[in-house]
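# Secondary and tertiary structure notes
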Amino acid sequence: MANLYIGLVHYPIMNKHKEVITTAITNYDIHDIARASITYDVSKYFVIHNIPAQRELAATIMEHWKSGFGSTYNPDRKDAFTGVELVNSIAVAVRTIEDIEGTKPIVATTDARTYDNTISYARMREHLENETRPVLVLFGTGYGMTKETMESFDYILEPIYGHGEYNHLSVRSAVSIILDRLRGEAWWNK
């Protein structure tokens with residue numbers, strides 16, 4: 001079975017005017033995605049931010065749950081942060097995985113549109129279950145990663161389609177749905 005890594009990318013991100021920006025750290029994203037990551041056996045969850053002060057903020061939030069008041073108030077939450085790592089770029093996350101695994105990971109991302117290199121959840125799940133090369137799935141914040149950044153990845157996971165026309169999930173929701181599709185119980189076989 002291949003190891004699964006994820007990353008929450010805050011730069012380079014597009015805003016609604018298609019300008020390149022850096023998005024801010026949010027407590028809910030760090031916290032909720034950490035909990036989903038440990039639930040679905042993610043090897044490491046990278047919070048990727050290029051601004052040192054924002055990484056410091058994230059570290060402070062995490063420290064509250066790891067050793068601060070939060071660690072005694074709700075001890076179960078402490079475990080969720082054991083696999084979270086703060087890094088300053090996607091490249092550092094990829095190099096960290098290479099150092100751990102001894103090989104470069106397959107890098108995939110998500111988008112609400114399809115591309116020439118779109119891969120289905122079934123195919124990516126099959127890789128994770130039957131191969132050994134690690135996979136890094138990156139999630140963009142804001143209005144998504146820049147086109148140039150996305151073009152450098154191996155795959156783009158197919159969009160999440162709901163029953164309705166609306167298609168703009170929060171990143172926390174998208175991460176949970178995608179982790180369940182890639183590593184969740186195969187309920188359809190029961």
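Now for a quick tour of the structure. None of the values given here were measured: they were computed from a predicted structure.

Quick notes on the rules
Residues numbered from 1 in each chain as written. Predicted model: local features only at pLDDT ≥ 70, side-chain atom pairs only at ≥ 80, totals over all residues. Heavy atoms only, no water. Helix = DSSP H or I, 4+ residues; strand = E, 2+ residues; numbered from the N terminus. Polar contact = N/O pair within 3.5 Å; in protein donor to acceptor, adjacent residues only side chain to side chain. Contact = heavy atoms within 4.5 Å. Buried < 20%, exposed > 50% of the residue type's maximum accessible area, 1.4 Å probe, protein only. Pairing = 2+ DSSP bridges. Phe/Tyr/Trp six-rings, centres within 6.5 Å; stacked < 30°, edge-to-face > 60°. Lys NZ or Arg CZ within 6 Å of the ring centre and 35° of its normal.

### Here we look at the side chain of S71
With respect to the helices and strands, S71 occurs in helix α3 (residues 69–73). Within the local environment of S71, its side chain forms a polar contact with the backbone oxygen of G68, the two atoms lying 2.6 Å apart. When sequence neighbours within four positions are dropped, the list of residues in contact with S71 reads H64, W65, K66 and K78.

### Some thoughts on unusual backbone geometry
A cis amide bond, omega 0 degrees, links Y11 with the succeeding residue P12. Mapped onto the fold, P12 is located in the loop between β1 (4–9) and β2 (13–14). A positive phi angle, near 60 degrees, is found at D41, a position not held by glycine. The exposure class assigned to D41 is exposed, which follows from its relative accessible area of 55%.

### Some details on the sheet that holds strand β9 (residues 155–157)
Across the sheet, seven strands lie side by side as β5-β4-β1-β8-β6-β9-β7; this open sheet has parallel pairing. The open sheet terminates on both sides in strands that have one partner only, identified here as β5 (84–87) and β7 (118–119). Note: β7 against β9, two bridges, orientation parallel. Along β9, the bridge assignment pairs I119 with L157.

### Overview of the packing of aromatic side chains
Under the criterion given, the structure shown has three aromatic pairs. Seen from their ring centres, Y5 and F46 are 6.4 Å apart, and the 25 degrees between their planes marks the pair as stacked. Residue Y5 is found in strand β1, and its partner F46 is found in strand β4 (residues 44–48); the two are separated by 41 residues along the sequence. Judged on exposure class, the residue Y5 and its partner F46 are both buried. Taking the centre distance of 5.5 Å and the plane angle of 85 degrees together, the rings of W187 and W188 count as edge-to-face. Relative accessible area serves as the criterion here: at 46%, W188 is assigned to the partly exposed category. One residue, R77, lies across the ring of W65, its end atom 5.4 Å from the ring centre.

### Some thoughts on the pairing of β1
Among the six residues in β1, six count as buried, and that is most of the element. The two faces of β1 match: L4, I6 and L8 on one face and Y5, G7 and V9 on the other face are all buried. The pairing of β1 with strand β8 (residues 135–140) spans six bridges and is classified as parallel. Along β8, the bridge assignment pairs I6 with V137. Pairing of β1 with β4 involves five bridges; the strand directions are parallel. In the sheet register, I6 faces β4, and the bridge partner there is Y45.

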